[in-house]
Amino acid sequence: MSETKPDATVDVRGLFCPIPIVKLSEAIKNYPTGTVLEVIATDPGTLTDIPAWAKTSGNQVLKTEREGTVMKFHVKKVK
Amino acid sequence: MSEEKKVLIVCSKGTLDMAYPPFMIATTAAAMGWDAHLYFTFWGMDIITKKKSDKLKLAPVGNPSLPMPNILGMLPGMTAMATKMIKGKMKKSNMPSIPEMIKTAKELGVKFHACTPTMQLTGLTKEDLIPEVDDLIGAATFVDLSKEATVTLFI
C-alpha cells in the first residue's frame, strides 16, 4: 500500500479508554468520506480498540505504527 | 452506521466504581455507531439523581480490593477517604468524572432511562433527576427494548 498523507490529526496522548475512541469518532464526523486521519495515542489499548472501532463503524485502518510508548494510526473514513 | 446494533445496560449500583463501566461501554458503543441505552434502577438511580450524581462514593466496607484491612472501612470518615483517594488517582490518569461521562454519553446519543418502580419506592420525581434523562420507563418497556438488543448487561 502506498503512503497516504493524513488530512488531519487527532491527538489523544495521555488519554485513556474510552476517550480516544470517543474523540476519534467525534472528529471523523467533521470530515468527508475518503479523509485520512492520523491518530496519535499513548493508551496501549488503542492498538486493538481502534481496529475494533473501525471494523464496527465501517472505517479503515491503513497503518499502525508504534514508537516506544506512542502509537500512530492512519484511519480512513469509508462511511 | 453499518448495521443496527444495540447495547442495553442495566445500571443497578450507585457507588463510584460501579458507575463507570456502564458509561465506558455505552459511550464506546455509541462511538462505534451502536444504539446505546442505559437503564437506571435501584441504587443506580443515584447516578442520575441531581443531588447525588456528582457525589458518588467508593464503599470501603465489603471491598477487599482496597489497600487496607476491610474492618477499618467501618470507621467514620473511611468512605470519604477512600473516595478522595480514588478520585485523586482518576484525576491523575486523566479519567473523566461521572458528570463528564454523562455529558459525553449524552452528546454521543446514549439514551438514559429511569426506572419508575424505583422512583415510586424512593419518592423521587422527574424534577429530582438530571435533565439528561430521556424517559421514565417500567419493566415492560425494558423487556421490549431488550428484545432487539444485541447485548444486554446487568451492572
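## Notes on the domain arrangement of chain B
Residue and element names in this part refer to chain B.
Point 1. Domain annotation of chain B identifies domain 1 (1–54 + 101–155) and domain 2 (57–96).
Point 2. Each of domain 1 and domain 2 has a C-alpha centre, and these two points are 25 Å apart.
Point 3. In this complex, domain 1 contributes five residues to the contact, which on the side of domain 2 involves six residues.
Point 4. Counting residues per element, the ones that place at least two in the side of domain 1 that touches domain 2 are helix H1 (16–31) and helix H3 (98–107).
Point 5. The residue inventory of the side of domain 1 that touches domain 2, partitioned by class, reads two nonpolar, two polar and one charged.

## Quick look at the interface of chain B and chain A
Point 1. Counting residues at the interface gives 13 residues for chain B, matched by 13 residues for chain A.
Point 2. Looking at the side of chain B that touches chain A, the element that brings in the most residues is H1(B), giving four residues.
Point 3. Among the residues forming the side of chain B that touches chain A, the class breakdown is six nonpolar, seven polar and no charged.

## Observations concerning the environment of Ile86(B)
All names here are of chain B.
Point 1. Mapping Ile-86 onto the fold places it in helix H2 (residues 78–92).
Point 2. Spatially, the C-alpha atoms of Ile-86 and Asp-35 are 31 Å apart, while their sequence positions differ by 51 residues.
Point 3. With residues up to four places along the chain from it excluded, the contact list for Ile-86 reads Leu-16 and Leu-58.

## Quick notes on the pairing of strand S1 (residues 8–12) of chain A
All names here are of chain A.
Point 1. Note that S1 and strand S2 (residues 36–41) share five bridges and pair parallel. Paired with Asp-11 across the two strands is Ile-40, which belongs to S2.
Point 2. With respect to chirality, the unit in which S1 leads through helix H1 (residues 19–28) into the neighbouring parallel S2 is right-handed.

## Quick notes on unusual backbone geometry
Point 1. Put simply, Cys17(A) and Pro18(A) share a cis peptide bond, and its omega is 5°.
Point 2. Even without a glycine there, the phi angle at Phe42(B) is positive, about 40°.
Point 3. Among the structural elements, Phe42(B) can be located in the loop between strand S2 (35–40) and H2.
Point 4. What makes Phe42(B) partly exposed here is the crowd of 16 C-beta atoms within 10 Å.
Point 5. Positive phi, normally seen in glycine, also occurs at Asn94(B), with a value near 60°.
Point 6. Position of Asn94(B) relative to the elements: it lies in the loop between H2 and H3.

## Looking at the packing of H1(A) against H1(B)
Point 1. At a minimum axis separation of 9 Å, H1(A) and H1(B) run at an interaxial angle of 30°. As the angle between them shows, H1(A) and H1(B) are arranged roughly parallel. Judged by the twist between their axes, the crossing of H1(A) over H1(B) is left-handed. Between H1(A), through Ile21(A), Val22(A) and Ser25(A), and H1(B), the contact on the second element is made entirely by Thr27(B), Thr28(B) and Ala31(B).
Point 2. Looking at the contact of H1(A) with H1(B) residue by residue, the classes come out as three nonpolar, three polar and no charged.

## A word on the sheet that holds S1(A)
Residues and elements named next belong to chain A.
Point 1. Taken in spatial order, the four strands make up an open sheet running S1-S2-S4-S3, and their pairing is mixed. With partners counted over all chains shown, the strands left at the sheet margins are S1 and strand S3 (60–67), one partner each. With direction set aside, neighbouring strand axes in the sheet form an average angle of 20°.
Point 2. For S3 and strand S4 (residues 70–76), the ladder comprises seven bridges, and the chain directions are antiparallel. Each residue of the ladder has a partner; that of Val-61, found in S4, is Val-75.
Point 3. Relative to the sheet, H1 contacts S1, S2 and S4, its axis offset from that of S1 by approximately 160°.
Point 4. Set on the sheet, helix H2 (residues 46–57) makes contact with S2, S3 and S4; between it and S4 the angle comes to about 10°.

Calculation criteria
- Residues numbered from 1 in each chain as written.
- Chains lettered and ligands numbered in written order.
- Predicted model: local features only at pLDDT ≥ 70, side-chain atom pairs only at ≥ 80, totals over all residues.
- Domains from an automatic or database assignment.
- Contact = placed C-beta atoms within 7 Å.
- Helix = DSSP H or I, 4+ residues; strand = E, 2+ residues; numbered from the N terminus.
- Nonpolar A, V, L, I, M, F, W, Y, C, P; charged D, E, K, R; others polar.
- Pairing = 2+ DSSP bridges.
- Right-handed = clockwise from strand over helix to strand, strands pointing away.
- Buried ≥ 20, exposed ≤ 12 C-beta atoms within 10 Å, placed from the backbone.
- Axes fitted to C-alpha atoms, helices over the stretch in contact; angles between N-to-C directions.
- Parallel < 35°, antiparallel > 145°, perpendicular 65-115°, else oblique.
- Left-handed = near helix turned anticlockwise from the far one by under 90°.

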